[in-house]
Amino acid sequence: MPLVLARIDCRLIHGQVVETWVPHTSADSLIVANDDLAGNPFLRSVMELAVPPAIRVSFCRLDEAIGVLACADRKGERSILLVAGTADAVTLRKAGAAFDLLNIGNLHFAAGKVEISPSVFFATEDFEALGWLRSHGVSVLVQGTPFEAGMSFEAEREQG
């Protein structure tokens, strides 16, 4: 199974991903599905600086992600899929992305959001998106690094 981790992280590529998740999963590929980043060569180049040369990085639009995942699969790459938010995860799952576990590492605070962990805050639409994912067979785990105890998110949780 070449897709070794599907992760929501509003920061996308950063030290936490590169220094902990890549070695933990033995990933050799990062696939970043984000419409804004795909269209910004400067930000892509900055993010690529954080990635060791042995790790292939692909930046793509959400509507290109399934093709990029399929290509990585054909090549036998062990890929980490990174998206910035819950809506993007739902979009990719509806399009056919094959993940049954979704890791959530970072979702920044904003007014009206509820703290789930020190680095994860959900808005109403996040609860709804995660409820949809859970109802379609995806387990959701809030976990910053593989060395932290993860917290399972249950769709039955109510915004509090």
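(A) Representation of the overall build of the protein chain within the structure. Within the protein chain, the regular secondary structure consists of 6 helices and 9 strands. Across the 160 residues that make up the protein chain, the buried fraction comes to 49%. Sequence separation of 24 or more characterises 68% of the internal contacts of the protein chain that already satisfy a separation of 6 or more. Total accessible area on the protein chain stands at roughly 7,700 Å², and carbon and sulfur atoms take up 55% of it. The averaged location of the 20 negative side-chain charges in the protein chain is 4 Å from the averaged location of its 13 positive side-chain charges.

(B) Structural view of the pattern of salt bridges. Following the criterion strictly, the structure yields 5 salt bridges and no others. Arginine 11 serves as the salt-bridge partner of aspartate 9, at 4.0 Å between the closest nitrogen and oxygen. Overall, arginine 11 belongs to the partly exposed group, its relative accessible area being 34%.

(C) A look at the packing of aromatic side chains. Going through the model one piece at a time under the given rule, you end up with 4 aromatic pairs. The interplanar angle of 90° and the centroid separation of 5.4 Å between the aromatic rings of phenylalanine 122 and phenylalanine 127 together place this pair among those described as edge-to-face. Taking 5.4 Å as the distance between ring centres and 85° as the angle between the ring planes, the aromatic pair formed by phenylalanine 122 and phenylalanine 153 counts as edge-to-face. Taken together, the residues phenylalanine 122 in strand β7 (residues 120–122) and phenylalanine 153 in strand β9 (residues 151–153) connect sequence positions 31 residues apart. Across the pair, exposure class does not vary: phenylalanine 122 and phenylalanine 153 are buried alike. Looking at arginine 93, its charged tip hangs above the ring of phenylalanine 99, at a distance of 5.7 Å from the centre. Above the plane of the ring of tryptophan 132 lies lysine 94, whose end atom (NZ or CZ) is 5.1 Å from the centre.

Calculation criteria
Residues numbered from 1 in each chain as written. Predicted model: local features only at pLDDT ≥ 70, side-chain atom pairs only at ≥ 80, totals over all residues. Heavy atoms only, no water. Helix = DSSP H or I, 4+ residues; strand = E, 2+ residues; numbered from the N terminus. Buried < 20%, exposed > 50% of the residue type's maximum accessible area, 1.4 Å probe, protein only. Contact = heavy atoms within 4.5 Å. Areas by Shrake-Rupley, 256 points an atom, 1.4 Å probe, with all protein chains shown as cover. Lys, Arg positive; Asp, Glu negative; His and termini not counted. Charge placed at Lys NZ, Arg CZ, Asp CG, Glu CD. Salt bridge = Lys/Arg side-chain N within 4 Å of Asp/Glu carboxyl O. Phe/Tyr/Trp six-rings, centres within 6.5 Å; stacked < 30°, edge-to-face > 60°. Lys NZ or Arg CZ within 6 Å of the ring centre and 35° of its normal.

Coordinates in, geometry out; function isn't part of it.
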